[in-house]
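Residue-level listing of the chains:
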Amino acid sequence: MKKKLLLKIGALFLLFSLIGFFFAQLNYQNYQKKINNFIYGLIKNLNEKYPELSEKEIIQLLNNQESGNYLENYRKYGIKEQDPILLSIEKSYKNSLFLILFYCVLISGTFGIFILYYYYKTSKKIKEITNYMQEINEKNYSLKLESNTEGEVSILQNEIYKMTIMLRSESDNLKKEKLSLKESISDISHQLKTPLTSISIMLDNILDNPNMEEEIKLDFIKNVHHQIESINTLIIALLKLSRIEAGVVEFKKEKISATEIIEKALENVEIIKEMKNIVFETHFKENVFFIGDKTWEIEALTNLIKNAIEHSDHGGKIEIKTNKNPIYTQIEIKDYGVGMSEKDLKNIFKRFYKGEHGNNDSIGIGLNLVKNIVEKDNGLIEVKSKIGKGTTFIIKYLK
């Protein structure tokens, strides 16, 4: 910045110096011309008044440098140094020199004032930026330093402002993540506490009653096994979810057939489907594809279909459709079960949320996992439901 400023100032100073030199030369030439005209007239007058003087004598007279003032050498010829012509020429020359000197002083002063003003303004801005950086170091991101002016300092000012906005955003996200982590730990603790307490009570009963009837003991053991499976399911789901949210999982970008992954998800829920005697009605359009990770999308659809089965009546029906248009590929899963309330619709995708008609064995994490998977593959998920008429989940994978 200093180098550019000095180059600009140097170029301008050189330009004005050249202009000043040009006017000085012009003034000198004009002065010289007037003097020459005066001398020419002087010689002419001398020749007319004193014809006895030769040209050589006149030249010697004019070029005589023995005395300080050559006019004294020809006063005897009637020439006075106070001659109005000489005084006028001398005065004109001096005035011109004075104007040129004033011009140079004015330009130099202007440059000096400009430089002082520029450095004053720059120093003020740098001081503001320094104070602002100190505030940032103290984690105060609420200040505004945006500048609408031009110049390197203003560019720096705007870049620091952008950095401040980024730091403020990261700080806010960090606070949200800390709060989310705190809530997650609290939720996980609550989710684990209930089955662990049940296991502890049942095992204490078995240990405290060595003569307990085998049938009762077997029921306790089965219950303990069921609680352990619930904990295992919770841990596996949490591990999957945490890996996705932490960005550890690298989602593949492959061409996926919607029909193929739905059929694979149906295979995964075959047992619970048979247990409730559910009927599937499928309406698949041909050549329906989207880009995503096949393994994780099967996981998401399995959770959605399993959720539909759990909320359907025994012998109920579930419809699964695929569709496409130039903007997105769509998968729709509709059940005719108990449906959801307005409260459930607002909270259904929240972690550990259990609906009013949720299964007792539900851990409330499946739909949250589904949402995370779908969004990772550039998809959107929405839900429509009415109490007593069923629920419809719609996934749209943007192209």
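The model shown is predicted, which means the values in this text are computed figures rather than measured ones.

Colleague: Requested: an account of the overall build of the protein chain, with residues and values cited.
Modeller: Across its full length, the protein chain carries ten helices and seven strands. Residue burial in the protein chain is summarised as follows: out of 399 residues, 33% are buried. A fraction of 69% describes how many contacts in the protein chain between residues 6 or more apart in sequence connect residues 24 or more apart. Surface summary for the protein chain: the accessible area is close to 26,600 Å², and the carbon and sulfur share equals 57%.

Colleague: Could you give an account of helix α8 (residues 294–310), with specific residues and numbers?
Modeller: Along its 17 residues, α8 runs 24 Å from first to last C-alpha, staying within 8% of the 24 Å computed at 1.5 Å per residue. Judged by how many residues are buried, α8 sits mostly within the fold: twelve of 17 residues are covered. When we look at burial in α8, the residues that qualify are W296, E297, I298, A300, L301, T302, N303, L304, I305, N307, A308 and I309.

Colleague: For a positive patch on the surface, give the residues involved together with the corresponding values.
Modeller: On the surface, a cluster of positive charge is contributed by K255, K285, K324 and K399. Its location among the elements puts K324 in strand β4 (residues 317–324).

Colleague: So what about the pairing of strand β6 (residues 379–386)? Which residues, and what values?
Modeller: Side-chain direction in a regular strand flips from residue to residue, so the side chains alternate between the two faces of the sheet. Burial of β6 is one-sided: the residues G379, I381, V383 and S385 facing one way are buried, the residues L380, E382, K384 and K386 facing the other way are not. Relative to strand β7 (residues 390–398), β6 runs antiparallel, the two sharing eight bridges. Each residue of the ladder has a partner; that of V383, found in β7, is F393. Hairpin connection of β6 to β7: three residues between the antiparallel strands, including G388 at a positive phi of 80 degrees.

Colleague: Can you lay out the nonpolar core for me, pointing to particular residues and giving the numbers?
Modeller: In globular proteins that are soluble, nonpolar side chains generally tend to be buried together. Counting residues in hydrophobic clusters, the biggest one holds 45 residues, and the most contacted among them are F280, I305, I331 and I333. Mapped onto this core, the elements with two or more residues apiece are α5 (214–245), α6 (258–268), α8, β4, β5 (328–335), α10 (366–376), β6 and β7. A per-element tally of this core places α8 first, with eight residues. Among all residues touching I331, those that are not within four sequence positions of it are A258, I261, I262, F290, L301, K321, T322, F393, I394, I395 and Y397.

Colleague: Which residues make up the packing of α8 against α10, and what values do they have?
Modeller: Closest axis-to-axis distance for the α8/α10 pair is 9 Å, and the angle between their directions is 145 degrees. α8 and α10 meet at a crossing whose hand is left-handed. Contacts between α8 and α10 involve W296, E297, E299, A300, N303, L304 and N307 from the first element and G366, L367, L369, V370, I373 and V374 from the second. Its residues placed into classes, the contact of α8 with α10 shows eight nonpolar, three polar and two charged.

Colleague: Residue-level account of the environment of L218, with values.
Modeller: With respect to the secondary-structure elements, L218 resides in helix α5. By relative accessible area, which is 45% here, L218 ends up partly exposed. Distance in space between the C-alpha atoms of L218 and I206 is 9.8 Å, their sequence separation being twelve residues.

Colleague: I'd love a proper account of the sheet that holds β4, names of residues and values included.
Modeller: A sheet is described by the order of its strands in space; here five strands give the open sequence β2-β4-β5-β7-β6, paired in mixed fashion. The open sheet is flanked by β2 (279–283) and β6, the only strands paired with a single partner. On average, adjacent strands in this sheet sit at an angle of 15 degrees to one another, irrespective of strand direction. Across the sheet, α10 lies against β6 and β7, angled at about 140 degrees from β6, the strand it touches most.

Colleague: Tell me about unusual backbone geometry, and please be specific about residues and values.
Modeller: Peptide bonds are, in most cases, trans, and in most cases residues other than glycine have a negative phi. Even without a glycine there, the phi angle at N277 is positive, about 55 degrees. Owing to a relative accessible area of 47%, N277 belongs among the partly exposed residues under this scheme. Of note, N287 is a non-glycine position whose phi angle comes to about 55 degrees, a positive value. For N287, a relative accessible area of 55% puts it in the exposed group.

Colleague: Explain the packing of α6 against α8 to me, and be specific about the residues and the numbers.
Modeller: The N-to-C vectors of α6 and α8 enclose an angle of 55 degrees; their axes lie 8 Å apart at closest approach. Here α6 lies oblique to α8, going by the angle between them. Our pair here, α6 against α8, has a crossing hand that is right-handed. Contacts from E260, I261, I262, K264, A265, L266 and N268 in α6 reach K294, E297, I298, L301, T302 and I305 in α8. Grouping the constituent residues of the contact of α6 with α8 by class yields seven nonpolar, two polar and four charged.

Colleague: Run through the pattern of salt bridges, naming residues and quoting values.
Modeller: Evaluated as defined, the whole model comprises ten salt bridges. Note that E260 and K294 form a salt bridge whose closest N and O atoms lie 2.4 Å from each other. Remark: K294 occurs in helix α8 and E260 occurs in helix α6; sequence separation between them is 34 residues. Owing to a relative accessible area of 31%, K294 belongs among the partly exposed residues under this scheme.

Colleague: Provide a residue-level description of the environment of Y132, including the pertinent values.
Modeller: On the secondary structure map, Y132 appears in helix α3 (residues 84–137). Judged by its relative accessible area of 4%, Y132 falls in the buried class. Residues Y132 and T164, 32 residues apart in the sequence, show an inter-C-alpha distance of 9.7 Å.

Colleague: Explain the packing of aromatic side chains to me, and be specific about the residues and the numbers.
Modeller: Applying the stated rule across the entire model yields three aromatic pairs. Taken together, a centroid distance of 3.8 Å and an interplanar angle of 5 degrees make the contact between F290 and Y397 stacked. Remark: Y397 occurs in strand β7 and F290 occurs in strand β3 (residues 289–292); sequence separation between them is 107 residues. Residue F290 is classed as buried on the basis of its relative accessible area of 6%. By relative accessible area, which is 1% here, Y397 ends up buried. Residues F349 and F393 carry aromatic rings whose centres are separated by 6.3 Å and whose planes lie at 75 degrees to one another, so their mutual orientation is edge-to-face. Of the two residues, F349 is situated in the loop between α9 (342–347) and α10 and F393 in strand β7; the sequence distance between them amounts to 44 residues. A single burial state applies to F349 and to F393, both of which are buried. Here the basic side chain of K255 rests over the ring of F289, its NZ or CZ set 4.6 Å away from the ring centre.

What counts, and at which threshold
Within each chain, residue numbers correspond to sequence positions counted from 1 in written order. Confidence filtering applies because this is a predicted model: local features only for residues at pLDDT of at least 70, side-chain atom pairs given and counted only at 80 or more, and all residues used for totals across whole chains, interfaces and linings. Neither water nor hydrogens contribute to the side-chain values; these are computed over all heavy atoms in the structure. Helix and strand assignments come from DSSP, with helices taken as H or I runs of at least 4 residues and strands as E runs of at least 2, each series counted from the N terminus. Buried means the residue's accessible area, taken with a 1.4 Å probe over protein chains only, is under 20% of the maximum for its type, while exposed means over 50%, and partly exposed covers the values in between. Between two residues, a contact is recorded if the distance between any of their heavy atoms is within 4.5 Å. Residue-level accessible areas treat just the shown protein chains as cover; the underlying method is Shrake-Rupley with a 1.4 Å probe. By this rule the span expected of a helix is its residue count minus one, scaled by 1.5 Å. Think of a patch as exposed residues, more than 30% relative accessible area, with no salt bridge, where like charges cluster within 9 Å and nonpolar side chains (Val, Leu, Ile, Met, Phe, Trp, Tyr) cluster within 5 Å. When a carboxyl oxygen of Asp or Glu is within 4 Å of a side-chain nitrogen of Lys or Arg, the pair counts as a salt bridge. Positive residues here are Lys and Arg, negative ones are Asp and Glu, while His and the chain termini are left out of the count. For charged residues, the charge sits on one atom: NZ in Lys, CZ in Arg, CG in Asp, CD in Glu. For two strands to be treated as a pair, DSSP must find at least two bridges joining them. We define a nonpolar core as any set of buried Ala, Val, Leu, Ile, Met, Phe, Trp, Tyr and Cys residues linked to one another through side-chain atoms lying within 4.5 Å. Every axis corresponds to a line fitted to the C-alpha atoms, with the helix fit spanning only the stretch in contact, and the corresponding angles, defined between N-to-C directions, vary from 0 to 180 degrees. Left-handed describes a crossing whose near helix is turned anticlockwise from the far helix through less than a right angle; right-handed describes the clockwise counterpart. Basically, the charged four are Asp, Glu, Lys and Arg, the nonpolar ten are Ala, Val, Leu, Ile, Met, Phe, Trp, Tyr, Cys and Pro, and anything else, Gly included, counts as polar. Just so you know how the angles are binned, under 35 degrees is roughly parallel, over 145 roughly antiparallel, 65 to 115 roughly perpendicular, and the rest oblique. Aromatic rings from Phe, Tyr and Trp, taking only the six-membered ring of Trp, are treated as a pair when their centres fall within 6.5 Å; an angle between ring planes under 30 degrees marks them as stacked, one over 60 as edge-to-face, and anything in between as tilted. A ring is considered to have a charge above it if a Lys NZ or an Arg CZ atom is located within 6 Å of its centre and within 35 degrees of its normal.

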